[in-house]
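Notes for the structure review
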Amino acid sequence: QVQLVESGGGLVQAGGSLRLSCAASGSIGSIGVMGWYRQAPGNQRELVATITSGGSTNYADNVKDRFTISRDNAKNTVYLQMNSLKSDDTAIYYCNADVRLQFRVRAEHYWGRGTQVTVSS
């Protein structure tokens, strides 16, 4: 089994910054794409950013130039640096990873439980 545990959420004023972390643990063989998604009240879960094991990144248009995704493969951890936060960024942020378990061939999607980010205007 694999667990993804997010941390770093909280309350911040508009224009401020937060850094989210997500650590994967368990019987991990390898991790492919890792990413961050978010869900605001009444909205569907949406992509924020993804990063491959080689470091290629992809961002939603509404966070480009403000958010930066990165990862530490040795620590099985992905980060999301969020700058110039806006009230529209208020949501629960979820970590996602494609993980191949030890002794398995195929990777599976895993989700964390989420961390709340609230931006006050």
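Presented here is an overview of the structure given in this document. (Residues numbered from 1 in each chain as written. Predicted model: local features only at pLDDT ≥ 70, side-chain atom pairs only at ≥ 80, totals over all residues. Heavy atoms only, no water.)

1. Looking at the overall build of the chain
- Scanning the chain from N- to C-terminus turns up zero helices and eleven strands.
- Shown N-terminal to C-terminal, the secondary structure of the chain runs as helices and strands in the order β-β-β-β-β-β-β-β-β-β-β.
- The C-alpha atoms of the chain give 14 Å as radius of gyration, which agrees with the globular expectation for 121 residues (14 Å, within 12%).
- Along the longest, intermediate and shortest principal axes, the C-alpha atoms of the chain span 50 × 25 × 25 Å.
- Per-residue burial over the chain gives 40% buried out of 121 residues.
- When the accessible surface of the chain is totalled, it reaches about 6,700 Å², and 44% of it is carbon and sulfur. (Helix = DSSP H or I, 4+ residues; strand = E, 2+ residues; numbered from the N terminus. Rg over C-alpha atoms; globule rule 2.2 N^0.38 Å. Buried < 20%, exposed > 50% of the residue type's maximum accessible area, 1.4 Å probe, protein only. Areas by Shrake-Rupley, 256 points an atom, 1.4 Å probe, with all protein chains shown as cover.)

2. Points about the sheet that holds strand β8 (residues 77-82)
- As summarised here, the arrangement of the four strands in space is β1-β3-β8-β7, forming an open sheet in which the pairing is antiparallel. With one partner strand each, in any of the chains shown, β1 (2-7) and β7 (67-72) form the two edges of the open sheet. Taken pair by pair, the neighbouring strands of this sheet meet at an average axis angle of 15 degrees, ignoring direction.
- Judged from the six bridges that link them, β7 and β8 form a sheet pairing that is antiparallel. (Pairing = 2+ DSSP bridges. Axes fitted to C-alpha atoms, helices over the stretch in contact; angles between N-to-C directions.)

3. Quick word on the pairing of β1
- By the alternation rule, side chains of β1 split into Val-2, Leu-4 and Glu-6, which are all buried, and Gln-3, Val-5 and Ser-7, of which none is buried.
- The pairing of β1 with strand β3 (residues 18-26) spans six bridges and is antiparallel. The residue bridging Glu-6 from the neighbouring strand is Cys-22, located in β3.

4. Notes on unusual backbone geometry
- You will see that Asn-76, though not glycine, has its phi angle at about 55 degrees, which is positive.
- Topologically, Asn-76 is positioned in the loop between β7 and β8.
- A relative accessible area of 25% places Asn-76 in the partly exposed class.
- For Phe-103, which is not a glycine, the phi torsion comes out positive at approximately 70 degrees.
- Assignment of secondary structure puts Phe-103 in the loop between β9 (91-101) and β10 (107-111).

5. Topic: the environment of Leu-101
- Its location among the elements puts Leu-101 in strand β9.
- Assessed through its relative accessible area of 10%, Leu-101 is described here as buried.
- Separated by 74 residues in the primary sequence, Leu-101 and Ser-27 place their C-alpha atoms 5.7 Å from one another.
- Not counting residues up to four positions away in its chain, the partners in contact with Leu-101 are Gln-1, Val-2, Ser-27, Gly-29 and Tyr-110. (Contact = heavy atoms within 4.5 Å.)

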